[in-house]
Number of protein chains: 2
Amino acid sequence: MALAEQLARNEGGIASVVAILGERFGARLSVSGAVREQHGHTTTWIENQPPDAVVFAESTEEVADVVKICAEHGVPVIAFGAGSSLEGHLNAPCGGISIDLSGMNKILAVHAEDLDCVVQPGVTRKQLNEHLRDTGLFFPIDPGADASLGGMASTRASGTNAVRYGTMKDNVLSLEAVMPDGSVIRTAQRAKKSSAGYDLTRLLVGAEGTLGVITELTLRLQGIPEGISAAVCSFPDVEAACNTVIATIQHGIPVARIELLDTLQMRASNAYSKLDYPEAPTLFVEFHGTQAGVAEQAELFGEIAAEFGGGSFAWTSREEERARLWQARHDAYWAATALRPGARAFATDACVPISRLADCVRETMEDIAELGLIAPIVGHVGDGNFHVSALIDIDDPAELAKARELAGRISARAIAMDGTCTGEHGIGQGKQAYLERELGGAVEVMRAVKRAIDPQNIMNPGKIMRL
Amino acid sequence: MALAEQLARNEGGIASVVAILGERFGARLSVSGAVREQHGHTTTWIENQPPDAVVFAESTEEVADVVKICAEHGVPVIAFGAGSSLEGHLNAPCGGISIDLSGMNKILAVHAEDLDCVVQPGVTRKQLNEHLRDTGLFFPIDPGADASLGGMASTRASGTNAVRYGTMKDNVLSLEAVMPDGSVIRTAQRAKKSSAGYDLTRLLVGAEGTLGVITELTLRLQGIPEGISAAVCSFPDVEAACNTVIATIQHGIPVARIELLDTLQMRASNAYSKLDYPEAPTLFVEFHGTQAGVAEQAELFGEIAAEFGGGSFAWTSREEERARLWQARHDAYWAATALRPGARAFATDACVPISRLADCVRETMEDIAELGLIAPIVGHVGDGNFHVSALIDIDDPAELAKARELAGRISARAIAMDGTCTGEHGIGQGKQAYLERELGGAVEVMRAVKRAIDPQNIMNPGKIMRL
């Protein structure tokens, strides 16, 4: 299907659907410009393409009804959680209906005895962890933003804890989803493992809403470790920091978080979060385990860091100090954008085999210098994943072109190193050319799956790949 | 499609394909009755349905050629690794060509620095671990049998180490596969995580060869732990053993293996493996970590076991003693069948949320007693997964009916407890009715995926579900 055809707006169908949904949902259907714009892409340089209307759904049945009505009229459906995705996932290039799931925010069950829970898709990760506080359990996936769990599943999100606890793919046990014909399926039972047929759970995780709308998630939980200890350690250069990470992973130290911030990001974070760390490439690390285990891990890590010239650092197991440290890490994006007021961040998302990490970051820094961009680097480096945030005036075509050039080089470099153009943000609208480059013929198989499950192409059309 | 239609043999096409493959492969094509029978199902009560011919393939290109030729003539293709699957996966109910991949047994690369390796599908898990011995790394998935890694991926196998290291779904980074049209795809790059499009890796893992033939696997490796310690502990009854497991998991002790053997199985194993353990419900456990970490875990476990009446037990970190212990566990299947010479084992594979494990095992034992079967129980109980091996004379319809009744009750019970009829063996031919019962409408989505990727239904037809 040509792009033009794929992107054709179904004006008549959309008008009918908006009228029908207005009858059905009353004030819970909005066509206001502000609401529509807020439900398109709002986080990066990608142009906002608002949906035609937004429905605020409150149950699986309502989602199924909306999807059925849209299916009857061939109108696109875009699921919306917290709006924190970074690759244009929420945009409506063909128009259509945004289903806002933020009101489906109930925690339906916590099976503490089985280390799992069942939640609606609008529950956010912070909300879930707040709810779990008294159970001794936590949900480990932490992409930084207080994203919705449905959205995190849809982009196969990960973040700072993934090096220890895996990504959303590893932490979703089962999903309930509304499929493109309005039917409701459950992908798996609650058992911890299964060989019962195709892994539809993992097919929907990372499908970016193009195969169905997730309406319920069964998630694995972890026990809050007895011991947690965190530290900040600075290095003479980024390569030394990367090499410390590589050695830490290769030694099998079960680090829970290991985050890189380059000199520019440290300058930004010191200013934004009122810290006074050395302005040098820095690792933020955290260990989880028993008290003895954490002490052992910290000691081993300290020895490795020292070998690579890591500066002295203080360990802390005090919760408030740890919270302050990770708040600074979570605010890195805002700290970065504050480096250049009025600028937007153009975020990249390369992930490479860990042995190539130092090379990939070094060559990327050379690109940044050559292109003359202001572009701090942060990364979930234990997984070989790092982000560059190029701070640009998106209204300046020359700057946008430079940022695109940088992003292109980074994606191509990651792919050439047997890595991926996206470790955790997804393909969305922004990375489709790189998906083809990365996986070639496999994309044709993805298309076959998409066409089979969503023959009308109403589920978040225009994302991941052209059909 | 009706079963009859699905199962129709394409006699003319098969004859043509056998002739073409004979020209192409010479002595590496076999139509001998013994070879064909050996490439059908041979491990359990399920009737052997041999393929029409067996090709011994030596490269991806050869597999692609065979698939293309079969596709042109609408002839089924069944991938064969080590022949150790348990649900009839290798049978050829519609005839067709078995592609024996055991000759594709090269370890293509070990990236020790990235903790991964690349292997051909005929490499067995023992072969891989033998090869890795000097690297300090190992591949953790251990289903008992020395299965091929391609086969283990195809059934989403797991086994004794899964409680700590996950299943094949968690340990395959990327696959190369020949698709039903003969095209060759790679599902992912070698990066540790990715959000690049649909997760075709996890779609092929567990697809039982119904979507494509796996021709190469990139696998995650683990560092061999500094400390390993193992023990055997007996309990007054199965419930006490199960409750010990539940408490161990709930306390977050990162046990590497925790296996249940019931009294009958212990009697069988003592006899077969020349051991003298108490003939009582028993847990075999193993801990991995640093020396200090392992000691800490063992102590905690000991306290829990004692609370539930666990007998005294001795820890060993001596490798030969550990090897002897796990050899006995691995030989449990053969030990069980030796309980009744001439009998075949009818193996079940329930997996339930851990909180339901004791109930599920207890009710199952009541069924075994009521039906008057000889049926020892072993289980990967840390995951809530256990196997009953009903020892029956498969030529006696009354005995077979009783075993089927038992298996049906166990599957239904597991499903009712929010578990699965198959934790690790797969659906194959044997569990299709239970897949429908377990996942309902989701099976229709699986069918849509199957039809889209394999419209001719030539890839291992008659498995997982009727079309």
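Sequence order as written defines the numbering, with residues in each chain counted from 1. The naming scheme follows written order: chains are lettered A onward, ligands numbered 1 onward. With the structure being a predicted model, the display of local features is reserved for residues of pLDDT at least 70 and the display and counting of side-chain atom pairs for 80 or more, all residues being used for whole-chain, interface and lining totals.

1. Description of the overall build of chain A
Then comes step 1: A run of H or I in DSSP becomes a helix once it reaches four residues, and a run of E becomes a strand once it reaches two; helices and strands are each numbered from the N terminus. Per the secondary structure count, chain A includes 18 helices and 19 strands.
Then comes step 2: For the radius of gyration, the atoms used are the C-alpha atoms, and the globule rule reads 2.2 Å times the number of residues raised to 0.38. Its C-alpha atoms give chain A a radius of gyration of 22 Å, near enough to 23 Å, the size a compact globule of 467 residues would have.
Then comes step 3: With respect to the principal axes defined by its C-alpha atoms, chain A has extents near 65 × 55 × 40 Å.
Then comes step 4: Placing a C-beta atom from the backbone of each residue, one calls two residues in contact when those atoms lie within 7 Å. Considering only residue pairs separated by 6 or more positions, chain A has 72% of its internal contacts joining residues 24 or more positions apart.

2. Considerations on the domain arrangement of chain A
Residues and elements named next belong to chain A.
Then comes step 1: Domain ranges listed in this record stem from an automatic or a database domain assignment. When cut into domains, chain A gives domain 1 (3-102 + 448-453), domain 2 (107-223), domain 3 (227-334) and domain 4 (335-428).
Then comes step 2: The gap between the C-alpha centroids of domain 3 and domain 4 is 21 Å.
Then comes step 3: Opposite the 24 residues of domain 3 that make contact, domain 4 presents 22 residues.
Then comes step 4: At the level of secondary structure, the elements contributing two or more residues to the side of domain 3 that touches domain 4 comprise helix H10 (238-250), strand S13 (257-261), helix H11 (263-273) and helix H14 (332-338).
Then comes step 5: A per-class count over the side of domain 3 that touches domain 4 returns 16 nonpolar, four polar and four charged. Each residue gets one of three labels, nonpolar for Ala, Val, Leu, Ile, Met, Phe, Trp, Tyr, Cys and Pro, charged for Asp, Glu, Lys and Arg, and polar for the others, Gly among them.

3. Considerations on the confidence of the model for chain A
Then comes step 1: Per-residue confidence for chain A averages 95 on the pLDDT scale, and 99% of its residues sit at or above 70.
Then comes step 2: With pTM at 0.97, the complex prediction returns an ipTM value of 0.97. Per-residue confidence from the predictor is reported as pLDDT, a score between 0 and 100.

4. Quick look at the interface of chain B and chain A
Then comes step 1: On the side of chain A, 73 residues touch chain B, which itself brings 73 residues to the contact.
Then comes step 2: Where the side of chain B that touches chain A is concerned, the elements lending two or more residues are helix H8 (168-171), strand S9 (184-186), helix H9 (200-204), helix H12 (291-307), helix H17 (432-439) and helix H18 (442-453) of chain B.
Then comes step 3: Classifying every residue of the side of chain B that touches chain A gives 30 nonpolar, 26 polar and 17 charged.

5. Considering the packing of helix H15 (residues 357-371) of chain A against helix H16 (residues 397-416) of chain A
Residue and element names in this part refer to chain A.
Then comes step 1: Two numbers describe how H15 lies on H16: the axes approach to 10 Å, and their chain directions differ by 160 degrees. By the angle between their axes, H15 is roughly antiparallel relative to H16. Note on packing geometry: the crossing formed by H15 with H16 is right-handed. On H16, the residues that touch Cys360, Glu363, Thr364, Asp367, Ile368 and Leu371 of H15 are Lys402, Glu405, Leu406, Arg409, Ile410, Arg413 and Ala414.
Then comes step 2: Taken together, the residues that form the contact of H15 with H16 break down as six nonpolar, one polar and six charged. Note on geometry: axes are lines fitted to C-alpha atoms, helical ones only across the stretch in contact, with angles between N-to-C directions running from 0 to 180 degrees. Relative orientations are named as follows: roughly parallel for angles under 35 degrees, roughly antiparallel for angles over 145 degrees, roughly perpendicular for angles from 65 to 115 degrees, and oblique for any other angle. We call a crossing left-handed when the near helix sits turned anticlockwise from the far one by less than a right angle, and right-handed when that turn is clockwise.

6. Things to note about the sheet that holds strand S3 (residues 77-80) of chain A
Residue and element names in this part refer to chain A.
Then comes step 1: Whether two strands pair depends on DSSP finding at least two bridges between them. Strand order in the open sheet formed by four strands is S1-S2-S4-S3, with mixed pairing between adjacent strands. Edge positions in the sheet fall to strand S1 (29-30) and S3, since each of these pairs with one other strand and no more.
Then comes step 2: Contacts between helix H2 (residues 11-25) and the sheet are confined to S1, strand S2 (53-56) and strand S4 (97-100), with S2 contributing the most and set at about 30 degrees to the helix.
Then comes step 3: Packed on one face of the sheet, helix H4 (residues 60-73) meets S2, S3 and S4 and runs near 175 degrees to S4.

7. As for the environment of A:Val31
Residues and elements named next belong to chain A.
Then comes step 1: Following the sequence through the fold, Val31 ends up in the loop between S1 and helix H3 (33-38).
Then comes step 2: Using a count of 14 C-beta atoms within 10 Å as the deciding quantity, one classes Val31 as partly exposed.
Then comes step 3: Separated by 66 residues in sequence, Val31 and Ile97 place their C-alpha atoms 9.8 Å apart.
Then comes step 4: Excluding residues that lie within four positions of it along the chain, Val31 makes contacts with Val18, Arg36 and Ala53. Partly exposed residues are those whose C-beta has more than 12 but fewer than 20 other C-beta atoms within 10 Å; with 20 or more the residue is buried, with 12 or fewer it is exposed, and the C-beta atoms are placed from the backbone.

8. A short note on the relation of the copies chain B and chain A
Then comes step 1: When chain B is fitted to chain A, the residual RMSD is 0.0 Å, and the transformation amounts to a turn of 180 degrees plus an axial shift of 0.0 Å. These values place the two chain copies in the arrangement generated by a two-fold rotation axis.
Then comes step 2: Here 100% of the interface residues in chain B have copies in chain A that are interface residues too; the copies meet face to matching face. To superpose the copies, least squares is applied to the C-alpha atoms of every residue with a pLDDT of at least 70 in both.

9. Comments concerning the sheet that holds strand S3 (residues 77-80) of chain B
Residue and element names in this part refer to chain B.
Then comes step 1: Ordered by their spatial adjacency, four strands build an open sheet running S1-S2-S4-S3, and the pairing between neighbours is mixed. Only two strands of the sheet have a single partner each, and these edge strands are strand S1 (29-30) and S3.
Then comes step 2: When S3 meets strand S4 (residues 97-100), the two strands line up parallel, connected through four bridges. Bridged to Val77 within S4 is Ile97.
Then comes step 3: The strands touched by helix H2 (residues 11-25) are S1, strand S2 (53-56) and S4; relative to S2, the strand with the most contacts, the crossing angle is about 30 degrees.

10. Some points on H2(B)
Residue and element names in this part refer to chain B.
Then comes step 1: In this model H2 runs 21 Å from its N-terminal to its C-terminal C-alpha over 15 residues, within 8% of the 21 Å that 1.5 Å per residue would give.
Then comes step 2: Those residues of H2 that fall on the buried side of the exposure criterion are Ile14, Val17 and Leu21. Taken end-on, H2 shows its buried residues confined to a sector of 65 degrees, consistent with a single buried face. Turned more than 90 degrees away from the buried face of H2 sit Gly12, Ala19 and Glu23, all of them exposed.
Then comes step 3: Here the buried face of H2 lies against S1, S2, helix H4 (60-73) and S4.
Then comes step 4: Just beyond H2, the residue with positive phi is Gly26, at close to 55 degrees. Take the residue count of a helix, subtract one, and multiply by 1.5 Å to get its expected span. Note that the arc is defined by the directions from the helix axis to the C-beta atoms.

11. Brief notes about the pairing of strand S18 (residues 377-380) of chain B
Residue and element names in this part refer to chain B.
Then comes step 1: On S18, burial covers both faces: Ile377 and Gly379 on one face and Val378 and His380 on the other are all buried.
Then comes step 2: Inspection of the sheet shows strand S13 (residues 255-261) paired to S18 by two bridges, in the antiparallel sense. Of the residues in S18, the one forming a bridge with Leu260 is Gly379.
Then comes step 3: Linking S18 to strand S19 (residues 385-392), which pair antiparallel, is a turn of four residues; within it Gly384 sits at a positive phi near 75 degrees.

12. Quick notes on the pairing of S19(B)
All names here are of chain B.
Then comes step 1: Summarising burial for S19: eight of the eight residues are buried, a large majority.
Then comes step 2: Residues Asn385, His387, Ser389 and Leu391 of S19 are buried on one face, and the alternating residues Phe386, Val388, Ala390 and Ile392, pointing to the opposite face, are buried as well.
Then comes step 3: Note that strand S16 (residues 344-347) and S19 share four bridges and pair antiparallel. Paired with Phe346 across the bridge in S19 is Ala390.
Then comes step 4: Bridging between strand S17 (residues 350-351) and S19 involves two bridges; their strand directions are antiparallel. For Ala350, the partnering residue across the bridge sits in S19 and is Phe386.
Then comes step 5: Pairing between S18 and S19: four bridges, direction antiparallel. Within the sheet, the bridge partner assigned to Ile377 lies in S19 and is Val388.

13. Thoughts on H17(B)
Then comes step 1: Every buried residue of H17(B) is listed here: B:Tyr434, B:Leu435, B:Glu438 and B:Leu439. Each buried residue of H17(B) lies within a common arc of 110 degrees when the element is viewed along its axis, so the set occupies one face.
Then comes step 2: Where H17(B) is buried, its residues meet strand S9 (184-186) of chain A together with helix H16 (397-416) and H18 of chain B.
Then comes step 3: Directly beyond the C-terminal end of H17(B), a positive phi value near 50 degrees is found at B:Gly440.

14. Looking at the environment of A:Ala230
Residue and element names in this part refer to chain A.
Then comes step 1: As for its placement among the helices and strands, Ala230 is situated in strand S12 (residues 227-234).
Then comes step 2: C-beta crowding within 10 Å serves as the criterion here: with 26 such atoms nearby, Ala230 is assigned to the buried category.
Then comes step 3: Ignoring anything within four residues of it in the chain, the contact list for Ala230 reads Val285, Glu286, Thr316, Arg322 and Leu325.

15. Re the environment of A:Ile141
Residues and elements named next belong to chain A.
Then comes step 1: Counting through the fold element by element, Ile141 comes out in the loop between strand S7 (137-138) and helix H6 (149-154).
Then comes step 2: In this structure the C-alpha to C-alpha distance between Ile141 and Phe301, which are 160 residues apart in sequence, comes to 23 Å.
Then comes step 3: Those residues in contact with Ile141 that sit more than four places away from it in its chain are Arg125, Met152, Ala157, Ser158, Gly159, Asn161, Tyr165, Thr167, Met168 and Asn171.

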